[in-house]
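Listed below, chain by chain, are the residues.
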Amino acid sequence: YKGEEEPLISVPNRGLKIHKLMSGKLNLAIISQSKANKDNKAKMLHHRMTPLENNEWIKPLPVELDDPVGYDIGDIPRACNAIQSDWQEIGLNRLTAWNFSRAVERRMKAISDGVVDRHAKSVDILLTGCEVSLWMAEQFASDLQKAFPKLFIRTASSNKLLGLYGQGLSVPCIGFPMSEKTWELDEPLVIIVSHSGGTFSPLACSNLLQSMTRNIFVVTSEWDTLVSKQLRQLFDDKEIISSRIFSTDIGVRPAEACSVSVAATHQLLTNIFEHLCGVIVGNSNFRHASGAIITENDLKTLEKLNRMNVGALEEICGSDRHGLRLPKEFCGEEKELRNLGDRWAEHVLEGTKAYIMSFIYIVVTVTIGYPLISGIATAAGLTTDWAFYITRFVDSLIYFWLPQINILILRLLQGRPLRHRMTARTVCIGDCPWVAQAGEAFLSKLFACSYSIAGLNVISGNPADHLVHRHTHRICRGSLMVCGRPDGRLSALTSLEATVCLSVNQASSIQSLGSTCESVTIGHNPYKLPLSFRGIFLDSHRPNFLCETMLKVPDRPITSGSVFSKNLLMQGVERHHRTSRKTSTTSPDMGWDNTSAVKEEALKRPHVARRRMELNEDAVSAAASSSANRLRSRGSLSIRGSIKQLSKSSRHFS
């Protein structure tokens, strides 16, 4: 009993009649069920089942494959391209988007008109899910909150929502600022993210939250899932379109390690983000009520990058947007990534191979009765008894150190470091939170059924936050570290890249016996960190931003007499670069001018030039010359004015 106005029953049943007993100290609610006959029970059971045959709303079960994970990775470009194509056409996702936009408009109108009370407990948009789905929902909510600061956007695990609102005695969310008193769920927009559409807690939340709001939508893999069935109960004859299901349409994926399901869900959430932003930005009242930071130009740029991203996925995954395998000459990035994977596989499997080599040596030498040194001595004609004591002593040492000896032999033959620790490997993944967590889940699930001798440890962290504090004390000789590296050539990411590079350098500087971890960075900036083992540089498939164009302008031929001179421009850009990176604590040789490295990389892989979508060099040169002529006529000697004029003349390609 929690008071006169708060009966201790679950939220969905609080609309039932409450009977007061024991002088009002006991609240009793009676839930009655009709006595249905057998036919009604059978009908209800059939209604709850999902037909697997002759059902156009679900994908057929996949065929058995020897490598389902590899197949899923190769299917990522096709899946993302199919989602984008479906979003551009009149498909079911567009119908759901139309219904979703109506719900957004109703909520925003209520906010702008002052119908909805605004306070700290308000919840405008609620996202929920479990594990990987929750991590992507958290990133979605983070981006949305930054775009619209005045909206109240919340994320919570489906298990927490069930424990808080779905129990008679609520489960306290220890460590989280969530309770029935801190959140007011008054007709919020709810987005449930669940790839399978049948996970227990998101499925239960789809039923639980119907007592609080009708604006519930789900992001799932098929149209006919268990969550979809729950939401179809919200159908209203007054609504022209009542679709509430966003589908990636990739169907069931039997591989436990999530790959294509994560990429497809992220792609669909990106489209939903663009659509939601378009609805709010397109109305001046909504923009003011939400405090919109994002603009129409930002959305246009985001949409352009979204479409071009499929081309980048093709080179990374080695398959095109139609699901066909790309020729080898167009798979440079995939080959480089797989070569690194092969090397790390040798690190992990060296213990297993040394075990097999030791087994063969022991069985052979014990069976024939001639260990290595004693056998050589006998073959050489040694007959002195005391000498055999020495040979047998050496043979006993070989038996004792045999695993280590075999590991050293393998490392010598394969050209790998000799001073790495001879133990189970640890892989540290560094990136933004949802990518690092998803990568950790993917890799650990791949090794979930491995033998202990061929297993590894997987840890993850955010290199811009807690990776150094949580994991660098675990770094040792032979640890494997892979870190996503932002492109610091973009002014908005310069400080972030410096922070990430500092974390990688700090982990790589932990040495013992002259050896350290094997760190690898993956990103677009073609500059290898001096302390890292390798840098994998991904090709860019988008037009350059203005800051990138400014970095390339000094390499254009410019007249020596022009006030828009090369040296003056370089000084101005360098001054701006130092200012934007004043918080960096990395070494100064992390220069901003990486044009020569880019050219060398392009010469190594000429096919990239045909596929890369860069600025037209003539357009850049013409823009620079035009700016120089105008500045010469005005007599301006200001770097700030030069950059301003170049910016104006470069609008058509910035």
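Nothing here was measured: the structure is a model prediction, and the numbers come from that model. (Residues numbered from 1 in each chain as written. Predicted model: local features only at pLDDT ≥ 70, side-chain atom pairs only at ≥ 80, totals over all residues. Heavy atoms only, no water.)

Moving on: the overall build of the protein. Helix and strand counts for the protein stand at 24 helices and twelve strands. For the protein, with 654 residues in total, the buried portion stands at 45%. Nonlocal contacts in the protein, meaning residues at least 24 apart in sequence, comprise 69% of its contacts between residues at least 6 apart. Total accessible area on the protein stands at roughly 35000 Å², and carbon and sulfur atoms take up 58% of it. (Helix = DSSP H or I, 4+ residues; strand = E, 2+ residues; numbered from the N terminus. Buried < 20%, exposed > 50% of the residue type's maximum accessible area, 1.4 Å probe, protein only. Contact = heavy atoms within 4.5 Å. Areas by Shrake-Rupley, 256 points an atom, 1.4 Å probe, with all protein chains shown as cover.)

So, on to the nonpolar core. With 52 residues, the main nonpolar core has Phe 100, Leu 144, Phe 148, Phe 246 and Ile 272 as its most contacted residues. Among the elements that take part in this core, helix α9 (residues 260–281) stands out by supplying twelve residues, more than any other. If we ignore the near neighbours within four places in the chain, the residues touching Phe 100 are Leu 189, Ile 191, Phe 217, Phe 246, Ile 272, His 275 and Leu 276. Judged by nonpolar contacts, the second largest core, of 25 residues, contains Leu 126, Met 178, Val 218 and Leu 234. (Core = buried A, V, L, I, M, F, W, Y, C linked by side-chain atoms within 4.5 Å.)

Turning our eyes to something else, we now look at the packing of aromatic side chains. For any pair of aromatic rings, the description rests on two quantities: the centre-to-centre distance and the angle between the ring planes. Tallying each qualifying case throughout the model produces seven aromatic pairs. For the pair Phe 140 and Phe 273, a centre-to-centre distance of 6.1 Å together with 85° between the ring planes defines the contact as edge-to-face. One end of the pair, Phe 140, is in helix α5 (residues 131–147); the other, Phe 273, is in helix α9, with 133 residues separating them in the sequence. One exposure class covers both Phe 140 and Phe 273, and it is buried. Put simply, the rings of Trp 87, Phe 100, Phe 217 and Phe 246 touch in pairs and so form one group of aromatic residues. Just above the ring of Phe 176 sits the side chain of Lys 160; from NZ or CZ to the centre is 4.1 Å. Sitting over the face of the ring of Phe 217, Arg 244 holds its NZ or CZ atom 5.9 Å from the ring centroid. (Phe/Tyr/Trp six-rings, centres within 6.5 Å; stacked < 30°, edge-to-face > 60°. Lys NZ or Arg CZ within 6 Å of the ring centre and 35° of its normal.)

Before going further, it helps to examine the confidence of the model for the protein. When the pLDDT values of the protein are averaged, the result is 81; 78% of them are 70 or greater. Throughout residues 33–39 the model reports pLDDT below 50, and contacts reaching past four residues in sequence, or to other chains, amount to one contact. In the model, residues 553–566 has pLDDT below 50 throughout and makes 24 contacts with residues more than four positions away in sequence or in other chains. (pLDDT = per-residue confidence, 0-100.)

Glancing now at the sheet that holds strand β5 (residues 189–193). The five strands are arranged β4-β3-β5-β6-β7 in an open sheet whose pairing can be described as parallel. Looking at strand neighbours, the two that pair on one side only are β4 (153–157) and β7 (245–247), the edges of this open sheet. Taken pair by pair, the neighbouring strands of this sheet meet at an average axis angle of 20°, ignoring direction. Helix-sheet contacts for helix α4 (residues 92–112) involve β5, β6 (216–220) and β7, and the interaxial angle to β7 is about 135°. (Pairing = 2+ DSSP bridges. Axes fitted to C-alpha atoms, helices over the stretch in contact; angles between N-to-C directions.)

Next up on the list: the pattern of salt bridges. A side chain of one charge can pair with a side chain of the opposite charge if their charged atoms are brought near each other. According to the stated counting rule, one finds 23 salt bridges in the structure shown. The partner of Arg 107 in a salt bridge is Asp 124, with the nearest N and O atoms 2.8 Å apart. Residue Arg 107 is found in helix α4, and its partner Asp 124 is found in the loop between α4 and β3 (125–129); the two are separated by 17 residues along the sequence. For the pair shown, Arg 107 and Asp 124 are each scored as buried. Of the charged contacts in the structure, one is a salt bridge between Asp 487 and Arg 489, with a shortest N-O distance of 2.9 Å. One continuous salt-bridge network, built from bridges that share partners, spans Asp 72, Asp 75, Arg 78 and Arg 253. (Salt bridge = Lys/Arg side-chain N within 4 Å of Asp/Glu carboxyl O.)

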